[in-house]
Amino acid sequence: MDTPTPASVRPRTRVIAIANQKGGVGKTTTVVNLAASLAERKQTVLVIDLDPQANATSGLGLRPKRGCSLYPVLTGASDVADIIQPTPYENLNIIPSEIDLAGAEIEIARQDDHLRSVRKALERVLEAQVFDFILMDCPPSLGILMTSSLAAADGIVVTMQSEYYAMEGLSVITDLIRRLRENGVNPGLTLEGILMTMFDGRTRLSQDVLAEVRSHFGPLVYETVIPRNIRLSEAPSFGKPITDYDPSSRGAQAYREFAVEFARRARRGRS
Ligand SMILES: Nc1ncnc2c1ncn2[C@@H]1O[C@H](COP(=O)(O)OP(=O)(O)O)[C@@H](O)[C@H]1O
Ligand SMILES: [Mg+2]
């Protein structure tokens, strides 16, 4: 007899931070389009926009609203359940960002145990186990918000632009991961993978950078490489992920492929 799977044996929610302290390396583009591609595959996804610039929020068609971000949850003024917003896309929800989130840095710094603030803010979402994936779009800085996001994550995906100096500064993140593990804040934290973005296969430079990153990090580098694709850069101004804006573009194809590879690897990491 077929019995429905009880919620308790569902695989637990995977919390993944998309991070790199450099700006303009494809973090937000990856969060938006990976989330949409996973949602298309019937995975339930929660995007958390942690960048006060709110690019992931607007990229998924929402207008940033004051008071509607993780900020009031971090300070205890709001319940996380009241902040989660639906997007125009099935299976895809978001905790938006707003400019006030910038103030959260100072606010969190004042709290005891501030490294655990994001994890604490998400406690009720994690208990509910309604999402397959939580994808956090980190700000391009090494502030407390970014550090506490990593402290709340199961894994980190680092995006890297296929250009010279791509690897420069990567040790900052790998050191941070090591420290969060060793000091017991997040013992299970892993570097989930490295995603090469804005790859231009016609240039020697892109090829060389890819080869160099692969020689250093081996299988940690995802097989899928995201090409430089103009449609990917146009989509945010229409407030749409690429799967909606131009579903047959090379960019859409690449992010759909990435979603499959990402989910496969993430499932392996599930205990
Ligand atoms: N694969 C790509 N092809 C073309 N443009 C891209 C691609 N990925 C990102 N971009 C553009 O590059 C800029 C920086 O990307 P973004 O995702 O915002 O980076 P980050 O969040 O790391 O700052 C944006 O204007 C974005 O539209
Ligand atoms: Mg960004």
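Data block above holds the structure.
Residues numbered from 1 in each chain as written. Chains lettered and ligands numbered in written order. Predicted model: local features only at pLDDT ≥ 70, side-chain atom pairs only at ≥ 80, totals over all residues. Heavy atoms only, no water.

### Comments concerning the overall build of the protein
Looking only at helices and strands, the protein features 13 helices and 7 strands. Taking 18 Å as the expected radius of gyration for a compact globule of 271 residues, we find that the protein reaches 18 Å, a close match to that expectation. With 271 residues in all, the protein has 52% of them scored as buried. For the protein, the proportion of contacts with a sequence separation of at least 24, taken over those separated by at least 6, is 78%. (Helix = DSSP H or I, 4+ residues; strand = E, 2+ residues; numbered from the N terminus. Rg over C-alpha atoms; globule rule 2.2 N^0.38 Å. Buried < 20%, exposed > 50% of the residue type's maximum accessible area, 1.4 Å probe, protein only. Contact = heavy atoms within 4.5 Å.)

### Points about the pairing of strand S1 (residues 14-19)
Judged by how many residues are buried, S1 sits mostly within the fold: 6 of 6 residues are covered. Residues Arg14, Ile16 and Ile18 of S1 are buried on one face, and the alternating residues Val15, Ala17 and Ala19, pointing to the opposite face, are buried as well. Pairing geometry for S1 and strand S6 (residues 155-161), over 4 bridges, is parallel. Residue pairing across strands places Ile16 opposite Gly155, the latter belonging to S6. (Pairing = 2+ DSSP bridges.)

### Let's talk about the side chain of Arg265
Mapping Arg265 onto the fold places it in helix H13 (residues 250-269). For Arg265, the side chain forms a polar contact with the main-chain oxygen of Pro219, separated by 3.0 Å. The residues contacting Arg265, other than those within four sequence positions of it, are Glu192, Gly193, Pro219, Leu220, Val221 and Tyr222. (Polar contact = N/O pair within 3.5 Å; in protein donor to acceptor, adjacent residues only side chain to side chain.)

### Here's the deal with the packing of aromatic side chains
Tallying each qualifying case throughout the model produces 5 aromatic pairs. Between Tyr164 and Tyr165 the ring centres are 6.5 Å apart and the planes differ by 55°, which places this aromatic pair in the tilted class. Given a relative accessible area of 61%, Tyr165 falls into the exposed group. Among the aromatic side chains, those forming a connected cluster through ring pairs are Phe133, Tyr222, Phe258 and Phe262. (Phe/Tyr/Trp six-rings, centres within 6.5 Å; stacked < 30°, edge-to-face > 60°.)

### Considering helix H9 (residues 170-182)
The end-to-end C-alpha separation of H9 is 18 Å, in line with the 18 Å expected for 13 residues at 1.5 Å each. Residues of H9 that are buried: Leu170, Ile173, Leu176, Ile177 and Leu180. Taken end-on, H9 shows its buried residues confined to a sector of 130°, consistent with a single buried face. Those residues of H9 hidden inside the fold are in contact with S1, helix H8 (144-152), S6, strand S7 (190-197) and helix H10 (204-217). (Expected span 1.5 Å × (residues − 1). Arc of directions from axis to C-beta.)

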